[in-house]
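Now for the letters of each chain:
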Amino acid sequence: MGKALICAEKPSQAKALAAPFPNKNMKTHIAIAPCVMFPEGAVVIWAVGHILELFRPEDYSKEYQEWSLDNLPISKRVQVKGY
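The next subject is the sheet that holds strand β3 (residues 30–32). As summarised here, the arrangement of the four strands in space is β1-β4-β3-β2, forming an open sheet in which the pairing is mixed. Lying at the two open borders of the sheet, with one neighbouring strand each, are β1 (4–8) and β2 (23–25). Recorded for the sheet is a direction-independent mean angle of 20 degrees between the axes of neighbouring strands. Where β3 lies against strand β4 (residues 42–46), three bridges are found, and the strand directions are antiparallel. The partner of Ile 30 across the bridge, within β4, is Val 44. Docked against the sheet, helix α1 (residues 11–18) engages β1, β2, β3 and β4, running at close to 160 degrees with respect to β4.

Applying the stated criterion across every chain yields a total of two aromatic pairs. Between the aromatic rings of Phe 21 and Phe 38, the centroid separation amounts to 5.1 Å while the plane-to-plane angle is 70 degrees, which identifies the pairing as edge-to-face. Remark: Phe 38 occurs in the loop between β3 and β4 and Phe 21 occurs in the loop between α1 and β2; sequence separation between them is 17 residues. On the accessibility criterion, Phe 38 (16% relative accessible area) is buried. Seen in terms of ring centroids, Phe 55 and Tyr 60 are 6.3 Å apart; in terms of plane orientation they differ by 55 degrees. Their pairing is tilted. The partly exposed category is assigned to Phe 55, whose relative accessible area is 28%. Using a relative accessible area of 26% as the deciding quantity, one classes Tyr 60 as partly exposed.

Using the criterion set out here, one finds one salt bridge in the structure. Here Arg 56 ties to Glu 58 by a salt bridge, and the two come within 2.5 Å at their closest N and O atoms. Residue classification places Glu 58 among the partly exposed residues on the basis of a relative accessible area of 22%.

Conventions used here
Residues numbered from 1 in each chain as written. Predicted model: local features only at pLDDT ≥ 70, side-chain atom pairs only at ≥ 80, totals over all residues. Heavy atoms only, no water. Pairing = 2+ DSSP bridges. Helix = DSSP H or I, 4+ residues; strand = E, 2+ residues; numbered from the N terminus. Axes fitted to C-alpha atoms, helices over the stretch in contact; angles between N-to-C directions. Contact = heavy atoms within 4.5 Å. Phe/Tyr/Trp six-rings, centres within 6.5 Å; stacked < 30°, edge-to-face > 60°. Buried < 20%, exposed > 50% of the residue type's maximum accessible area, 1.4 Å probe, protein only. Salt bridge = Lys/Arg side-chain N within 4 Å of Asp/Glu carboxyl O.

So yeah, pure geometry; function would need other evidence.
Right, dumping it as structure tokens:
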């Protein structure tokens, strides 16, 4: 199956995600050694800043530009903005 890749939004989150497993900080990533959860090991990488951003309600429809209980719940398929 290969190594798992875990993507975090920031270095501190990557460190927290790797902490429960045997790991080694390699400056640009954290290597998780093979273990029960990751039989072939894993690599934790990080970005600096948000990886994804949700669309705002008004991006779906102009009717959501003004907050109103009448428009809730907004039952649209969630979309994300890529960078």
